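Each chain, letter by letter, is given below.
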Amino acid sequence: MVICGDKNVKFGHKTAKFGGIPLLLSYQYFLWFAIYSLAGWVYESLLCSIREWKWINRGFLNGPYCPIYGAGALLDIMLLGKIDHPIALFFAGMLVTGILEYITSWLLETLFHARWWDYRYMRFQIHGRVCLLGGVVFGAMSVLLMKVIHPHVAWATKQIPPLLLAHLSGLLLAGFCADVIFTVIHLNSFNKKLKLAHQRAELLANELAARAGNMRNWVGQELRTRKSRKITELAKAMLRKLTWHERKILRSFPRFQSTRYSEVVEKLKEAFRSIR
């Protein structure tokens, strides 16, 4: 017999737990994560597609989900469940999701030396990672989630038979992990291509500087011009060799930046826009 409650899950007369969380409840948590990640992907893709007047498959990963939305929803569910007043819930949601967005931006930049979003062009932002407008939107979403959406989602997922829930969560987790591994491999490959183009451009600049001798007044402008031309040439050649996933980054994230190879990325984006 399986008993599913908010505090314990029993198989026979034993309580099964994963990381201190009842096992069946952990399956529900992951299913909620998947549902809200999908909802976030739909929201992001529709919003960006409306802005650009064309379909944009938004998302850091390849599948139809944005994990930051799933993680934000789970944090709201676990941390804000006892807050009843809508205004208090709104500001608490702003705080929780804002911290999550800031940490996610910092972590992605630290791991991959790139930014997928940048709010530095907006007023009331912090280091380009979070902004007031985003906080207001996510605060409102937190109220909507806790007061309207999640009670129905929680009821629906609790109707799923335990064995089916376990298998469904397991399949989704396996697919998600495979997608993460695939994405990390391609991001590392993309970074290597950017690094190679940057090194070739730097090599040309150093060669020109070495040949210049005392022609310092002329060489500065000439050096920058030739380096820019070389980077443009390398970017166009590199564009032809990009994988589908690497092209998706440029297509889905117009504000994508590299903290190490910014000039190469900008020329690559220019070349990509010219062929679209």
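The shown structure was predicted, so the numbers you read here are calculated from the model rather than taken from an experiment.

About the thresholds
- Residues numbered from 1 in each chain as written.
- Predicted model: local features only at pLDDT ≥ 70, side-chain atom pairs only at ≥ 80, totals over all residues.
- Heavy atoms only, no water.
- Helix = DSSP H or I, 4+ residues; strand = E, 2+ residues; numbered from the N terminus.
- Contact = heavy atoms within 4.5 Å.
- Bend = angle between axes of the 7 residues up to and from the residue.
- Buried < 20%, exposed > 50% of the residue type's maximum accessible area, 1.4 Å probe, protein only.
- Phe/Tyr/Trp six-rings, centres within 6.5 Å; stacked < 30°, edge-to-face > 60°.
- Lys NZ or Arg CZ within 6 Å of the ring centre and 35° of its normal.
- Patch = residues over 30% accessible without salt bridge, like charges linked within 9 Å, V, L, I, M, F, W, Y side chains within 5 Å.
- Areas by Shrake-Rupley, 256 points an atom, 1.4 Å probe, with all protein chains shown as cover.
- Salt bridge = Lys/Arg side-chain N within 4 Å of Asp/Glu carboxyl O.
- Expected span 1.5 Å × (residues − 1).
- Disulfide = S-S within 2.5 Å.

Enquirer: Looking at this structure, how should I read the environment of I68?
Expert: Residue placement: I68 occurs in helix α2 (residues 67–79). When the C-alpha positions of I68 and G40 are compared, they lie 8.1 Å apart, and in sequence the two are 28 residues distant. Among residues more than four places away in sequence, those in contact with I68 are L100, E101, T104 and W117.

Enquirer: Honestly, helix α4 (residues 132–157) in this entry has me stumped. Any pointers?
Expert: Each α-helix turn comprises 3.6 residues. Residues three or four places apart therefore point the same way. Considering bend angle alone, the principal kink of α4 is centred on I149 and spans about 55°; proline P151 follows within four residues of it. Within α4 the residues assigned to the buried category are G134, G135, F138, G139, S142, V143, L145, M146, H150, V153, A154 and T157.

Enquirer: Is there a simple way to explain the packing of aromatic side chains in this structure?
Expert: Aromatic ring pairs are defined here through the distance separating the ring centres and the angle between the ring planes. Counted by the stated rule, this structure contains 8 aromatic pairs. Taken together, F30, F33, Y65 and F176 form an aromatic cluster joined through their ring pairs. Against the face of Y102 rests R129, its NZ or CZ located 5.5 Å from the ring centre.

Enquirer: Could you clarify how one ought to interpret a nonpolar patch on the surface in this entry?
Expert: A contiguous nonpolar surface patch, about 500 Å² in accessible area, is contributed by L38, V42, L46, I50 and W55. Mapped onto the fold, V42 is located in helix α1 (residues 23–52). Among the residues examined, V42 registers a relative accessible area of 34% and is labelled partly exposed.

Enquirer: Teacher, can you tell me more about unusual backbone geometry here?
Expert: Across residues other than glycine, the phi torsion is negative in most instances, and most of the peptide bonds are trans. Of note, F124 is a non-glycine position whose phi angle comes to about 55°, a positive value. Inspection of the secondary structure puts F124 in the loop between β6 (114–115) and β7 (125–126). One non-glycine residue with positive phi stands out, namely H127, at about 55°. Relative to the elements of secondary structure, H127 occurs in the loop between β7 and β8 (130–131). Here H127 falls in the exposed class, since its relative accessible area comes to 51%.

Enquirer: I would appreciate a short explanation of α2 in the present structure.
Expert: Between the first and last C-alpha of α2 there are 18 Å, a value that for 13 residues agrees with the 18 Å anticipated at 1.5 Å per step. Considered for burial, the residues of α2 that qualify are P67, Y69, G70, G72, A73, L74, D76 and I77.

Enquirer: I tried to follow the state of the cysteines on my own but got confused; where do I start?
Expert: Disulfides are covalent bonds that link the sulfur atoms of two cysteine residues. As enumerated under the stated definition, the model contains 0 disulfides in all. Summary of cysteine pairing: C66 is not part of a disulfide, and the nearest cysteine sulfur, belonging to C48, is at 8.9 Å. Looking at C66, the relative accessible area reads 6%, which means it is buried.

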